[in-house]
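Survey of secondary and tertiary structure
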Amino acid sequence: MPYNLPATRLLMNRLRQVMAEEGETRSRLDKVVRLIASTMVADVCSIYLRLQGGALLLIATEGLKADAVAATRLSVNEGLVGLVARRAEPMAIQDAPRHPSFSYRPETGEDPFHAFLGVPILRGGRVIGVLTVQNRTERAYDDEEIDNLQTIAMVLAEIVDRIDPDALNNGGNEKRERNTASLTGRVFCEGLGYGRAVLHDPVVPAAKFFAADQVTESKRLSEGMEELKASIDRMMALDGAALGEDPRDVMETYRLLAHDPSWAEKLQEGVKSGLSAEASVDRARREHRARLQSARDPYLRERLHDLEDLDNRLLRILGGEEGKPQISEERSVLVARRLGPAELLEYSNTGLRAILMEEAAASSHAAIVARALGIPTLGGIAGLTTRIDQGDWVIVDAEDGTLHIRPDDSLYDAYKGRVSLRSERQAGYEALKDLPARTTDGTEVSLMLNAGLDLDMDMMKQAGADGVGLFRTEFQFLVSESLPKLNDQIDLYKRVLDKADGKPVIFRTVDLGGDKVLPALNLQREENPALGWRSIRFALDHKGLFRRQLRALVRAAGERPLTVMFPMVTVASEFEEARDLLLTEVEWSAKRTGRRPSRVEVGVMLETPALAYGLPELAGKAEFLSVGTNDLMQFFFAADRMTPHVSDRYDLVSPSALRFLKEVSDACKTHGIRMSACGEATGSTLSALCFVALGFTTLSMSAGSIGPVKQMIRSFDLQAFRPDFLAALDAPKQDFRNQVLALAADHGIELSDG
Ligand code: PEP
Ligand code: MG
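In this report, the structure presented in the accompanying data block is examined. (Residues numbered from 1 in each chain as written. Chains lettered and ligands numbered in written order. Predicted model: local features only at pLDDT ≥ 70, side-chain atom pairs only at ≥ 80, totals over all residues. Heavy atoms only, no water.)

Structural notes on the coordination of the magnesium ion (ligand 2)
What counts, and what does not: Donor atoms (N, O, S) are those found within 2.8 Å of the metal centre, with the cutoff raised to 3.2 Å for Na, K and Ca; water is not part of the atom list, so apparent gaps in a site can occur. Numbered from the N terminus, helices here are DSSP runs of H or I no shorter than four residues, and strands are runs of E no shorter than two. Summary of the burial criterion: residues with accessible area below 20% of their type's maximum are buried, those above 50% are exposed, and those between are partly exposed, where the area comes from a 1.4 Å probe applied to protein chains only.
Coordination of the magnesium ion (ligand 2) by the protein involves Glu607 (OE) and Asp631 (OD), with metal-donor separations of 2.0 Å. Of this pair, Glu607 sits in the loop between β19 (600–606) and α20 (609–612) while Asp631 sits in helix α22 (residues 629–636), and the two are 24 residues apart along the sequence. Residues Glu607 and Asp631 agree in their burial class; the two are buried.

Section: the packing of helix α25 (residues 685–693) against helix α26 (residues 703–713)
We count it as follows: To get an axis, a line is fitted to the C-alpha atoms, and for a helix only the part in contact is used. The angle between two axes follows their N-to-C directions and goes from 0 to 180 degrees. Angular relationships are summarised with four words: roughly parallel below 35 degrees, roughly antiparallel beyond 145, roughly perpendicular across 65 to 115, and oblique for the angles in between. If you view the pair so one helix is near and one far, a crossing is left-handed when the near helix is turned anticlockwise from the far one by less than a right angle, and right-handed when it is turned clockwise. Every residue pair with non-hydrogen atoms within 4.5 Å of one another is taken to be in contact. Ten residue types, Ala, Val, Leu, Ile, Met, Phe, Trp, Tyr, Cys and Pro, are classed as nonpolar, four, Asp, Glu, Lys and Arg, as charged, and the remainder, Gly among them, as polar.
Where α25 meets α26, the axes come as close as 10 Å, and the angle between the chain directions of the two elements is 50°. It follows from the interaxial angle that α25 and α26 lie oblique. For α25 against α26, the interelement crossing comes out right-handed. Across from Thr685, Ala688 and Leu689 in α25, the residues of α26 making contact are Pro708, Val709 and Met712. Residues of the contact of α25 with α26, tallied by class, amount to five nonpolar, one polar and no charged.

Thoughts on a negative patch on the surface
Selection rule: The patch calculation keeps residues exceeding 30% relative accessible area without a salt bridge and links them within 9 Å when they carry like charges or within 5 Å when they are nonpolar (Val, Leu, Ile, Met, Phe, Trp, Tyr). Shrake-Rupley sampling with a 1.4 Å probe provides the accessible areas, and residues are treated as covered by the protein chains on show and by no other component. Think of a salt bridge as a Lys or Arg side-chain nitrogen and an Asp or Glu carboxyl oxygen that are within 4 Å of each other. We treat Lys and Arg as the positive residues and Asp and Glu as the negative residues; His and chain ends play no part in the count. Throughout, a charge is located at the NZ atom of Lys, the CZ atom of Arg, the CG atom of Asp or the CD atom of Glu.
On the surface, Asp142, Asp143, Glu144, Glu265 and Glu269 cluster together into a patch of negative charge. When contributions to the negative patch are tallied by element, the ones reaching two or more residues are α4 (143–160) and α7 (261–272). What makes Asp143 exposed here is its relative accessible area of 65%.

Side note on the site of ligand 1
This is how the line gets drawn: Consider each residue's heavy atoms; a residue with any of them within 4 Å of a molecule or strand counts as near. Nitrogen and oxygen atoms within 3.5 Å of one another constitute a polar contact, given that in protein one can donate a hydrogen and the other can accept it, and given that sequence-neighbouring residues count only through two side-chain atoms.
Lining the immediate surroundings of ligand 1 are 14 residues, of which Arg508, Lys516, Glu607, Asn630 and Arg641 lie closest. Thr629 has a polar backbone atom sitting 3.1 Å from an oxygen atom of ligand 1. A distance of 2.8 Å is found between an oxygen atom of ligand 1 and a side-chain nitrogen or oxygen belonging to Arg641. Relative to its free-state accessible area of 280 Å², ligand 1 is covered by the protein chains to the extent of 100%. Contributing elements (two or more residues each) for the shell around ligand 1: β16 (468–472) and α22. Of the residues assigned to the shell around ligand 1, the class counts are three nonpolar, four polar and seven charged.

Quick word on the side chain of Arg28
Inspection of the secondary structure puts Arg28 in helix α2 (residues 25–39). Judged by relative accessible area, which is 10%, Arg28 ranks as buried. Contact partners of Arg28, with chain neighbours within four places excluded, come to Val18, Met19, Glu21, Glu22 and Gly23.

What to know about the environment of Asn349
With respect to the helices and strands, the residue Asn349 is situated in the loop between α10 (341–346) and β11 (354–357). Given a relative accessible area of 74%, Asn349 falls into the exposed group.

As for the pairing of strand β6 (residues 126–135)
Put simply, the rule is: Any two strands between which DSSP finds at least two bridges are classified as paired.
Burial analysis of β6 places ten of its ten residues in the buried class, which makes it a mostly covered element. Examined bridge by bridge, strand β1 (residues 44–50) and β6 share six bridges and lie antiparallel to one another. Paired with Cys45 across the two strands is Val133, which belongs to β6. Looking at chain direction, strand β5 (residues 115–123) and β6 are connected through nine bridges and run antiparallel. Counterpart to Leu117 in the pairing with β6 is Val133.

Considerations on the sheet that holds β5
Read from one edge of the open sheet, six strands run β3-β2-β1-β6-β5-β4, paired in antiparallel fashion. Each edge of the open sheet carries a strand with a single partner, namely β3 (73–74) and β4 (91–93). Running at roughly 40° to β5, helix α3 (residues 79–87) makes contact with β1, β2 (56–62), β3, β4, β5 and β6 of the sheet. Against the sheet, α4 touches β1, β4, β5 and β6, its axis set at about 45° to β5.

Description of the packing of aromatic side chains
The test is simple: A pair of aromatic rings is counted whenever rings of Phe, Tyr or Trp (Trp by its six-membered ring) have centres within 6.5 Å, and the orientation is called stacked for planes under 30 degrees apart, edge-to-face for over 60 and tilted otherwise. Whether a charge sits over a ring depends on NZ of Lys or CZ of Arg being within 6 Å of the ring centre and within 35 degrees of the ring normal.
All told, the structure shown has 17 aromatic pairs when counted by the stated rule. Here Tyr194 and Tyr415 contribute two aromatic rings whose centre-to-centre distance is 5.4 Å and whose plane-to-plane angle is 80°, an arrangement assigned as edge-to-face. Here the residue Tyr194 occupies a position in strand β9 (residues 191–199), and Tyr415 occupies one in helix α13 (residues 409–432), the gap between them amounting to 221 residues. On the accessibility criterion, Tyr415 (6% relative accessible area) is buried. Clustering of aromatic rings is evident, with ring pairs tying together Tyr613, Phe636, Phe637, Tyr650 and Phe660. A cation sits over an aromatic face here: Arg331 above Tyr194, 4.1 Å from the ring centre.

A closer look at the nonpolar core
Counted only if it meets this: Working definition of a nonpolar core: buried Ala, Val, Leu, Ile, Met, Phe, Trp, Tyr and Cys residues. They are joined through side-chain atoms within 4.5 Å. Residue ranges for the domains originate in an automatic or database domain assignment.
If you look at the biggest cluster of nonpolar residues, it comprises 121 residues, and the most contacted ones within it are Phe566, Leu658 and Leu699. Looking at which element gives the most residues to this core, the answer is helix α18 (residues 543–557), with eight residues. There are two domains that each give this core at least three residues, and those are domain 2 (187–200 + 329–421) and domain 4 (433–746). In contact with Phe566, other than residues within four places in its own chain, are Thr509, Ile536, Phe546, Leu550, Phe575, Ala578, Arg579, Val602, Gly603, Val604 and Met605. Membership of the second largest hydrophobic core comes to 65 residues, among which are Ala157, Ile163, Ala277 and Ala279.

Some words on the pattern of salt bridges
If the charged atoms of two oppositely charged side chains come close together, the side chains can form a pair. Summed over all chains, the structure comprises 41 salt bridges. Between Arg316 and Asp201 there is a salt bridge, with its nearest N and O atoms 3.5 Å apart. Remark: Asp201 occurs in the loop between β9 and α5 (214–242) and Arg316 occurs in helix α9 (residues 298–319); sequence separation between them is 115 residues. On the accessibility criterion, Arg316 (29% relative accessible area) is partly exposed. For Glu308, the salt bridge goes to Arg337, with nearest N and O atoms at 3.2 Å. Remark: Arg337 occurs in the loop between β10 (332–336) and α10 and Glu308 occurs in helix α9; sequence separation between them is 29 residues. You'll find Glu308 and Arg337 in the same group, each marked buried.

A few points about the packing of α18 against helix α19 (residues 572–593)
For the pair α18 and α19, the least separation of the axes is 9 Å and the interaxial angle reads 55°. Looking at the two axes, α18 sits oblique to α19. With respect to the hand of their crossing, α18 and α19 are arranged in right-handed fashion. Where α18 approaches α19, its residues Lys543, Phe546, Arg547, Leu550, Arg551, Val554 and Arg555 are matched on the opposing element by Glu577, Ala578, Leu581, Leu582, Glu585, Val586, Trp588, Ser589, Arg592 and Thr593. When its residues are assigned to classes, the contact of α18 with α19 shows eight nonpolar, two polar and seven charged.

A closer look at unusual backbone geometry
The residue Ala70 is not glycine, and still its phi comes out positive at about 65°. As for its placement among the helices and strands, Ala70 is situated in the loop between β2 and β3. In this structure, Met568 is a non-glycine residue whose phi angle is positive, near 55°. Residue placement: Met568 occurs in the loop between β18 (562–566) and α19.

Observations regarding the sheet that holds β10
In spatial order, the strands read β7-β14-β13-β9-β10-β11-β12-β8; together these eight strands make up an open sheet with mixed pairing. A strand with exactly one partner marks an edge of an open sheet, and here the two such strands are β7 (181–184) and β8 (186–189). With direction set aside, neighbouring strand axes in the sheet form an average angle of 30°. Note: β9 against strand β13 (residues 393–398), six bridges, orientation antiparallel. In the sheet register, Gly191 faces β13, and the bridge partner there is Ala398. Those strands touched by α13 are β9, β13 and β14 (402–405), and its axis lies near 130° from that of β9.

Here's what the structure looks like:
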């Protein structure tokens with residue numbers, strides 16, 4: 001099979017013409033297969049379309065019997081074509097009939113052909129069809145030929161994706177694979193939203209597939225690659241200046257990949273064959289994605305992810321401003337594989353209706369940012385980006401964790417009903433905003449806000465919060481490219497105190513490590529990051545960074561009261577060491593500026609079970625503690641909060657967890673330590689009810705939960721409920737959660753979840 005680049009280029013040009021032509025799909029496809037067969041000097045060229053359920057329908061052929069078109073259908077597990085679709089990778093076979101997967105279909109007249117080359121037709125990482133060429137004689141197809149057929153398949157994807165099998169006169173009621181689908185995910189921010197999908201990762205439109213002039217295009221690609229390498233080098237230099245000790249694994253891998261000549265060569269080859277620079281990168285990205293779908297090995301997956309990230313970076317550089325995702329006036333839903341908190345913040349003023357993320361683990365900061373923005377968000381949706389195309393309509397049900405892709409009308413109607421119900425409920429909460437969270441028998445509960453960004457503070461008033469019960473200071477670190485400077489920190493803390501307008505704010509010192517990884521800190525990967533070098537442990541071992549933060553807090557407070565708490569304290573001595581550093585900063589600052597906070601309160605987060613039994617040692621030293629349910633429960637139940645299979649497996653509303661919290665509550669009373677709770681659990685009305693019943697009168701939560709929790713508190717008589725609740729805790733039934741729910745119902749308590 002003689003093969004050369006000018007011929008491919010010619011083919012590309014002809015394909016471009018065919019794609020631009022109007023006209024009947026079937027005749028266009030016939031032209032396409034004829035073109036490919038003649039350019040590649042093949043006896044056969046066929047296209048198969050993947051139907052719903054995975055079967056492959058022959059939709060065009062040159063060389064096989066014409067009658068087989070729209071009639072021959074291979075099941076998912078049938079034949080070499082099925083194998084190519086399943087593996088999502090090319091297969092070149094010298095003598096096909098001898099291959100164990102070969103399946104003979106007499107109606108096609110396939111028997112005289114020996115050599116077989118099949119490549120998947122991919123769109124968004126999804127196999128939508130298979131393109132094959134066959135030759136009468138036994139022969140080996142070389143890498144260049146395989147590569148070129150893949151390029152052609154990519155171009156073809158645009159035509160194939162629009163094919164309606166019914167229009168091919170097969171008479172059946174076949175449906176293409178791309179139709180309504182429902183996927184489930186984890187609710188990161190509650191709410192409902194619908195709109196058109198906007199893909200965060202760059203999309204190369206079909207109109208930009210071909211280059212008019214290869215020389216210019218090749219230069220543009222080289223310049224793009226240079227810019228990519230330079231940007232990675234710049235990032236490394238920046239981070240190096242910030243810390244610079246350990247090997248920077250991820251960035252180093254990036255750099256190696258970006259400098260890998262085989263990657264560059266492959267991209268240049270694409271351009272030489274007539275593709276635009278963008279299309280050539282897109283072709284590489286499709287391959288990486290398709291391989292990711294089937295790769296199991298974690299190392300390989302990580303590398304493929306890195307490669308895909310690089311493809312995306314390069315596409316962004318090539319696309320410039322134009323290549324940026326466009327959030328239109330229309331309703332838009334952002335769809336991303338992974339999303340950093342800083343990237344998400346860039347969308348903060350665009351009026352997004354919802355956010356969807358594929359990865360659960362890496363997105364936790366993004367999830368918290370999404371909550372701060374109050375945008376309904378689902379994460380941990382396996383296969384998300386391969387199932388949605390740019391512009392698809394989606395309904396995001398971030399109440400029960402379902403995503404509907406290309407929904408039909410009946411779903412829309414049901415959804416609209418839910419939206420109006422939800423807005424009625426919201427209006428009800430709005431009306432409670434200025435009323436106290438007081439039980440019917442007069443116990444006042446402070447409902448505070450969990451915050452971490454400037455923009456959360458605007459929610460404080462809106463939600464009617466009594467202050468900020470947890471300000472996650474590490475967010476400023478997570479959303480910046482390099483470590484925030486002293487003045488940046490002072491500015492942020494000042495703004496927070498200003499916006500709080502005299503209401504209390506509890507600043508939690510940097511809680512880095514664990515899932516909150518900071519590229520600039522360049523930490524080594526750990527086997528068990530949640531149990532690792534994180535939080536106060538990390539802060540105490542990086543005194544420069546820690547003291548700079550304490551200084552910023554003291555300076556920002558000026559003469560206002562300052563409240564600080566330390567995360568993940570395990571033993572009392574960690575608290576003491578941190579508190580002493582803070583007090584030293586107070587003195588130091590007083591000497592230099594002549595000002596000191598009018599009052600300094602120091603507390604601790606209770607996140608490790610060990611500290612629950614160390615409270616006697618904190619007596620008289622820590623003024624308050626705040627139960628961080630997210631970490632505390634992961635350690636209590638030994639269930640990683642970042643691993644979807646186990647993170648929701650155990651229930652805080654269970655006898656063991658609540659008895660433990662009761663011990664904490666009793667110990668706090670004994671030792672005169674004020675207590676509160678923060679963490680996600682406080683946002684559930686049922687868990688909040690349990691906390692109040694256990695004696696907690698300060699709860700901190702995200703803005704959206706304040707209304708429902710306030711309504712719950714205002715609906716119950718604590719003195720009447722508490723004895724029944726404690727009795728249930730002493731004599732739990734097998735389904736304890738339902739037992740508490742029934743009890744709440746008996747007492748007329750208004751719960752909005754459970
Ligand atoms: C917690 O662990 O409950 C907590 C509030 O801290 P974070 O979620 O930031 O770890
Ligand atoms: Mg925590």
